[in-house]
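In case you want the letters, here they are:
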Amino acid sequence: MAEQHFQQKLPFIEKAGYSAADAAANFVFMTMILFQTAFYTDVFGLSASTAAAILLWPRLWDAVADPIVGVLADRTRTRWGKFRPWILFTAVPWFVIMILAYTTPKGWTVGALAAYAVITNTLLMTIYSMNNMPYSALGGVMTGDVNERAKLNSFRFIAVNAAQFIVGGFTLPLVAKLARHHAAGGKIGMADQQYGWQMTMTIWGVLCLVLFLITFSTTKERIEPINQEKSSPKQDFINLLKSHPWKVMFFMTLCHFCILSFRGGALYNYYHHYANRAALYDWVQQLGLVVPAGAHASGILETLGYIVHGDRAELVNSNVADVANSIINMLGTGITIIVILLSPPLAKKFGKKAVAVAGFGLASLGSLAFYFLSPTNVWGMVGLTALIAIAYAPTIPLVWAIYADVADYSEWKTGHRFTGMVFATIGFGLKAGLALGSASFLWIMAGLFGYDTKLPDAAHAVQGFRACSGIVVGFLFGICTLLLIAYPITKKLTIQMADELAARRAQPTTPKA
């Protein structure tokens, strides 16, 4: 007999519209994950220690801002709901600050540049919290149907991975293309690269603005708390601290997002400094993306910067690493977009927890294998990227659906629903993890491998990139796997909570005098 549970279906247009805002967020998020570390060291010209501090402190502030936004969002009352107005009113500031954060002022001292980077990165992280924390909580109040939530989050993360596909695949080639255009046929210098970054982020910023407006206009909040009595933020937090599922997911999130920023910085350098450029050139040439020096190329791939100009013997200033890295990024993201479609049926059959445990465990093994690849084994790099994507993809929407289950668990136990507080504190763990991931990568490189940002091809630095990309990332995935094993909400308990909460909501409430 099929399992029966509370049902509350969402129309296709609402699920698709909901996904748009997180696609927008990932134009900032994935640029930050994949390229921000290299941007501050290679384009802004900052040292590893200065860049680490700039990456750490604004993101830690952002982590603190999330609970503040969560408290405010939970207490927001408008005709548009609690969470949707935050998406609307942060759209334009997001667009402006996103461009400023990747603009390099001309003629400034190193100290002034560092201060500018701190201010703009802090503003960017703050507006990110004000937009994305309420957005994440929005998914928890659009429907109470556990299977529909899994579908909603699948839509969300298909859109997310489409954005990640664009960011990971087109950012570096676009920056290089725009830099060449700015150089007007001359040698590409630092000012040209800075122009390339500013213009590329302007393009991404316009897309973000449009996508936020789509989400606001197509979504609706449906779930209201069963108990309408107001509770203090302090009481909400005390109740949350009593939740074992929240504790497990908080630390899992901290570790998970540490992986993402750590891995992004490590793999950029892995492909640009550990991978053999001649081997990358041969691989790109097999794909038909090489044009000999002096030859003319045209078409969409040339426009997007995907053509490598030059000969195998002259690769020092070539864009071959940018192109190869971007193609491998797109491969992993493309596979993720396809495999992520399996997430709802897998969750329905095995439960969210079981699928997440298996995915993170296999990703740990795949990441460890990166360490054992030789610099010339490009196809090995491609193969492991594909295997990790296949294992990890189904977990992406399920982790976010699990957060909604944690909110349900707290309401089920206490009678009070504080979705915003749950997602805000999880957001704290997320942002703290991102901060620690980026900063710890630079700390490990500088402390254990003597990394000098002006000498990235030094032998000890190259071995550091190799170890960080493989051993450290694999170890962190393993920690996440253990935490997910300890997560107590099973498939059976999830259905029980959903049914009991639906029954409580169906009962008439009598306002208190």
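Please read these numbers as outputs of a predicted model, since none were measured by experiment.

A.B. asks: Go over the state of the cysteines, please, and point to the residues and values.
C.D. replies: Inspection of every chain in the model, using the stated rule, returns zero disulfides. The thiol of Cys 468 is not disulfide-bonded; the next cysteine sulfur, from Cys 258, is found 11 Å away.

A.B. asks: A description of the packing of helix 2 (residues 48-74) against helix 5 (residues 110-142) should follow, citing residues and the corresponding values.
C.D. replies: Running from N to C, helix 2 and helix 5 cross one another at 30°; their axes reach a closest spacing of 8 Å. When the axes of helix 2 and helix 5 are compared, the pair comes out roughly parallel. You can see that helix 2 and helix 5 cross each other, and the crossing is right-handed. Contacts between helix 2 and helix 5 pair Thr 50, Ile 54, Leu 55, Pro 58, Arg 59, Trp 61, Asp 62, Ala 65, Asp 66, Val 69, Gly 70 and Ala 73 from the former with Ala 114, Ala 117, Val 118, Asn 121, Thr 122, Met 125, Thr 126, Ser 129, Met 130, Met 133 and Pro 134 from the latter. Counted by class, the contact of helix 2 with helix 5 contains 14 nonpolar, six polar and three charged residues.

A.B. asks: An account of the pattern of salt bridges is needed here, citing residue identities and associated values.
C.D. replies: Scanning all chains against the criterion turns up four salt bridges. Among the ionic pairs, Lys 352 bridges to Asp 405, the shortest N-O distance being 2.9 Å. Within this pair, whereas Lys 352 is found in helix 14 (residues 352-370), its partner Asp 405 is found in helix 16 (residues 395-414), the two being separated by 53 residues in sequence. In this structure, Lys 352 and Asp 405 share a single accessibility class: buried.

A.B. asks: Break down the side chain of Gln 36 for me, citing the residues and quoting the values.
C.D. replies: With respect to the helices and strands, Gln 36 occurs in helix 1 (residues 12-43). With a relative accessible area of 1%, Gln 36 lands in the buried category. A polar side-chain atom of Gln 36 sits 3.1 Å from a polar atom in the side chain of Asn 121. Ignoring sequence-local partners within four residues, the contact set of Gln 36 consists of Thr 31, Leu 55, Arg 59, Tyr 102 and Asn 121.

A.B. asks: Now, about a nonpolar patch on the surface: what can you tell me, with residues and values included?
C.D. replies: A contiguous nonpolar patch, built from Trp 61, Val 64, Ile 68 and Leu 72 and spanning about 350 Å² of accessible area, is present on the exposed surface. Looking at the secondary structure, you find Val 64 in helix 2. Of the residues examined, Val 64 reaches a relative accessible area of 39% and is grouped as partly exposed.

A.B. asks: Break down the packing of aromatic side chains for me, citing the residues and quoting the values.
C.D. replies: Evaluation of the coordinates by the stated rule reveals 34 aromatic pairs. On the numbers, 5.5 Å between centres and 75° between planes, the contact of Tyr 270 with Phe 370 is edge-to-face. Here Phe 370 lies in helix 14 and Tyr 270 lies in helix 9 (residues 244-274), a separation of 100 residues in the sequence. What makes Phe 370 buried here is its relative accessible area of 2%. Note on Phe 441 and Phe 465: the rings are 6.4 Å apart at their centroids and 35° apart in plane angle, and the pair reads as tilted. Of this pair, Phe 441 sits in helix 17 (residues 419-449) while Phe 465 sits in helix 18 (residues 459-486), and the two are 24 residues apart along the sequence. Residue classification places Phe 441 among the buried positions, given a relative accessible area of 1%. Three or more aromatic residues joined by ring pairs make a cluster, and in this case those are Phe 35, Phe 39, Tyr 40, Phe 44, Tyr 102, Trp 108, Tyr 116, Trp 197 and Tyr 268. Of note, Arg 84 hangs over the ring of Phe 216, and the distance from its end group to the ring centre comes to 4.5 Å. In this structure, Lys 349 packs its charged tip against the face of Phe 350, placed 5.5 Å from the ring centre.

A.B. asks: Quick one: what's the story with the side chain of Gln 194, residue by residue and with numbers?
C.D. replies: Tracing the sequence through the fold places Gln 194 in helix 7 (residues 190-218). With relative accessibility at 9%, the residue Gln 194 sits in the buried group. There is a polar contact of 3.3 Å between the side chain of Gln 194 and the backbone oxygen of Val 43. Those residues in contact with Gln 194, other than ones at most four positions away along the chain, are Val 43, Thr 104 and Lys 106.

A.B. asks: Describe helix 12 (residues 320-339), and please don't skip the residues or the numbers.
C.D. replies: Given a rise of 1.5 Å per residue, 20 residues ought to cover 28 Å, and the 29 Å separating the end C-alpha atoms of helix 12 matches this to within 8%. The buried fraction of helix 12 is high, at 17 of 20 residues.

A.B. asks: Go over empty space enclosed by the protein, please, and point to the residues and values.
C.D. replies: What the rule picks out here adds up to six cavities of 30 Å³ or more. What the largest cavity holds in volume is close to 800 Å³. Forming the boundary of the largest cavity are 39 residues, of which Met 30, Gln 164, Leu 260, Arg 263 and Tyr 392 lie nearest the centre. Where the lining of the largest cavity is concerned, the elements lending two or more residues are helix 1, helix 5, helix 6 (146-183), helix 9, helix 12, helix 15 (378-392) and helix 16. If one sorts the elements of the lining of the largest cavity by residue count, helix 9 sits on top with eight residues. Class assignment for the residues of the lining of the largest cavity results in 23 nonpolar, 13 polar and three charged. Put simply, the second largest cavity is a space of about 90 Å³.

Quick notes on the rules
Residues numbered from 1 in each chain as written. Predicted model: local features only at pLDDT ≥ 70, side-chain atom pairs only at ≥ 80, totals over all residues. Heavy atoms only, no water. Disulfide = S-S within 2.5 Å. Axes fitted to C-alpha atoms, helices over the stretch in contact; angles between N-to-C directions. Helix = DSSP H or I, 4+ residues; strand = E, 2+ residues; numbered from the N terminus. Parallel < 35°, antiparallel > 145°, perpendicular 65-115°, else oblique. Left-handed = near helix turned anticlockwise from the far one by under 90°. Contact = heavy atoms within 4.5 Å. Nonpolar A, V, L, I, M, F, W, Y, C, P; charged D, E, K, R; others polar. Salt bridge = Lys/Arg side-chain N within 4 Å of Asp/Glu carboxyl O. Buried < 20%, exposed > 50% of the residue type's maximum accessible area, 1.4 Å probe, protein only. Polar contact = N/O pair within 3.5 Å; in protein donor to acceptor, adjacent residues only side chain to side chain. Patch = residues over 30% accessible without salt bridge, like charges linked within 9 Å, V, L, I, M, F, W, Y side chains within 5 Å. Areas by Shrake-Rupley, 256 points an atom, 1.4 Å probe, with all protein chains shown as cover. Phe/Tyr/Trp six-rings, centres within 6.5 Å; stacked < 30°, edge-to-face > 60°. Lys NZ or Arg CZ within 6 Å of the ring centre and 35° of its normal. Expected span 1.5 Å × (residues − 1). 1 Å grid on protein atoms, 1.4 Å probe; cavity = no way out; pocket = protein on both sides within 12 Å on 5 of 7 lines; lining within 4 Å. Points joined across faces, edges and corners; volume = space filled by probe spheres on them.

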